[in-house]
Amino acid sequence: MRTIENHQGFRLRFGEFPDLLFTATDTRTYFDMTHYLQSVKLEPEEKIAEFIAGFALWIDLLGKMYGIPPDERFAVDAATEHSLAEESFALPFLCCTDPAFGMYLLESMSQMMLTGLVCSDSYIFIQAQQRFTHEELVSTPNTNEL
């Protein structure tokens with residue numbers, strides 16, 4: 001596992017997971033596993049070991065598919081000593097740390113295959129905010145009484 005000394009700072013990428021932070025280096029983008037696990041009150045060392053062992057097949061296949069050499073799949077941030085993982089492993093990592101999210105992903109994929117379209121409730125809400133004014137959203141009568 002390599003040590004990263006120079007990166008561009010950590011940034012939010014997935015609004016649903018504000019504590020899953022990503023950073024770019026010259027060659028790769030990584031996410032901070034340690035920070036995320038601490039924020040959700042899970043033991044980082046145990047959960048990272050569980051992820052690496054339990055998702056070894058996924059990690060290996062994603063690494064091969066995206067041409068990520070084994071020595072670049074995981075890294076350590078020199079400043080914080082936090083464990084980082086290559087960005088391609090973010091969704092499997094979230095499935096490992098939050099099985100309910102994993103089930104949500106599977107249900108969404110099933111829905112997409114059945115109907116060809118999937119929208120999260122967050123997406124629908126954002127679209128409604130962009131389409132309607134605040135007054136229109138607030139003044140809409142309860143249609144359940146019709």
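Each chain has its residues counted from 1, following the order in which its sequence is written. Owing to the predicted nature of the model, reporting of local features is limited to residues with pLDDT of at least 70; listing and counting of side-chain atom pairs is limited to 80 or more, with chain, interface and lining totals taken over all residues. Side-chain measures were taken over the full set of non-hydrogen atoms in the model, leaving aside hydrogen atoms and water.

### A word on the overall build of the protein
Each helix and strand in the protein was counted, giving 7 helices and 6 strands. Secondary structure elements are defined from DSSP: runs of H or I of at least 4 residues count as helices, runs of E of at least 2 residues count as strands, and each element is numbered from the N terminus. Going from N to C terminus, the protein has its helices and strands arranged as β-β-β-β-α-α-α-β-β-α-α-α-α. Exposed residues in this analysis have more than 50% of their type's maximum accessible area, buried residues have under 20%, and partly exposed residues fall in between, with area computed by a 1.4 Å probe over protein chains only. A buried classification covers 31% of the 146 residues belonging to the protein. Contact definition: two residues touch when any of their heavy atoms are within 4.5 Å. Of the contacts made within the protein by residues no fewer than 6 positions apart, 51% connect residues no fewer than 24 positions apart.

### Regarding a nonpolar patch on the surface
Within this analysis, patches are made of residues with over 30% relative accessible area and no salt bridge. Like charges are joined at 9 Å or less; nonpolar side chains (Val, Leu, Ile, Met, Phe, Trp, Tyr) at 5 Å or less. Areas reported as accessible are Shrake-Rupley estimates using a 1.4 Å probe. Residue values count occlusion only from the protein chains shown. Between Lys or Arg on one side and Asp or Glu on the other, a salt bridge is scored when a side-chain nitrogen of the former is within 4 Å of a carboxyl oxygen of the latter. Together, L57, W58 and L61 give the surface a local cluster of nonpolar side chains, amounting to about 360 Å² of exposed area. Given a relative accessible area of 47%, L61 falls into the partly exposed group.

### What to know about the pairing of strand β4 (residues 29–32)
Along any regular strand, the residues point their side chains to alternate faces of the sheet. With burial as the criterion, each face of β4 is covered, one bearing T29 and F31 and the other bearing Y30 and D32. Strand pairing is assigned whenever DSSP detects at least two bridges linking the two strands. Pairing analysis gives 3 bridges linking strand β3 (residues 21–24) to β4, with the strands arranged antiparallel. Looking at β4, one finds that F22 is bridged to F31. Once β3 ends, the chain turns through 4 residues before running back antiparallel as β4. The pairing of β4 with strand β6 (residues 83–86) spans 3 bridges and is antiparallel. Paired with F31 across the bridge in β6 is A85.

### Observations regarding the nonpolar core
Here, nonpolar core means buried Ala, Val, Leu, Ile, Met, Phe, Trp, Tyr and Cys residues that are tied together by side-chain atoms lying within 4.5 Å of each other. Counting residues in hydrophobic clusters, the biggest one holds 21 residues, and the most contacted among them are L20, F31, M33, F51, F89 and F93. Going through the elements one at a time, α1 (33–39), α2 (44–54), α3 (56–65) and α4 (90–97) are the ones with two or more residues in this core. No other element matches the 4 residues that α4 contributes to this core. Look past the residues within four positions of F89 in its chain and what remains in contact with it is F31, F51, I59, L62, G63, I68, R73 and F74.

### Side note on the packing of aromatic side chains
A pair of aromatic rings is counted whenever rings of Phe, Tyr or Trp (Trp by its six-membered ring) have centres within 6.5 Å, and the orientation is called stacked for planes under 30 degrees apart, edge-to-face for over 60 and tilted otherwise. Summed over the entire model, instances satisfying the criterion amount to 10 aromatic pairs. Here the aromatic rings of F14 and F22 are separated by 5.5 Å at their centres, their planes lie at 80°, and the arrangement is edge-to-face. By relative accessible area, F22 is classed as buried at 5%. An aromatic cluster of three or more residues is present, and its members are F14, F17, F22, F31, Y36, F51, F55, F93, F101 and Y104. Counting as a charge over the ring demands two things of the Lys NZ or Arg CZ atom: a distance within 6 Å of the ring centre and an angle within 35 degrees of the ring normal. Just above the ring of F22 sits the side chain of R13; from NZ or CZ to the centre is 4.4 Å.

### Examining the packing of α2 against α4
Interaxial distance between α2 and α4 falls to 10 Å at its minimum, and their mutual angle equals 120°. Judged by the angle between their axes, α2 and α4 are oblique. Of the two possible hands of crossing, α2 and α4 adopt the one that is right-handed. Residues K47, E50 and F51 of α2 form the contact with α4, whose own contacting residues are P92, F93, C96 and T97. Of the residues in the contact of α2 with α4, the class split is 4 nonpolar, 1 polar and 2 charged. Here the axes come from fitting lines to C-alpha atoms, over the contacting stretch only for helices, and the angles between their N-to-C directions go from 0 to 180 degrees. With respect to orientation, any angle under 35 degrees is reported as roughly parallel, any angle over 145 as roughly antiparallel, any angle of 65 to 115 as roughly perpendicular, and every other angle as oblique. Left-handed describes a crossing in which the near helix is turned anticlockwise from the far one by less than a right angle; the clockwise case is right-handed. Any residue that is not Ala, Val, Leu, Ile, Met, Phe, Trp, Tyr, Cys, Pro, Asp, Glu, Lys or Arg is counted as polar, Gly included; the first ten are nonpolar and the last four charged.

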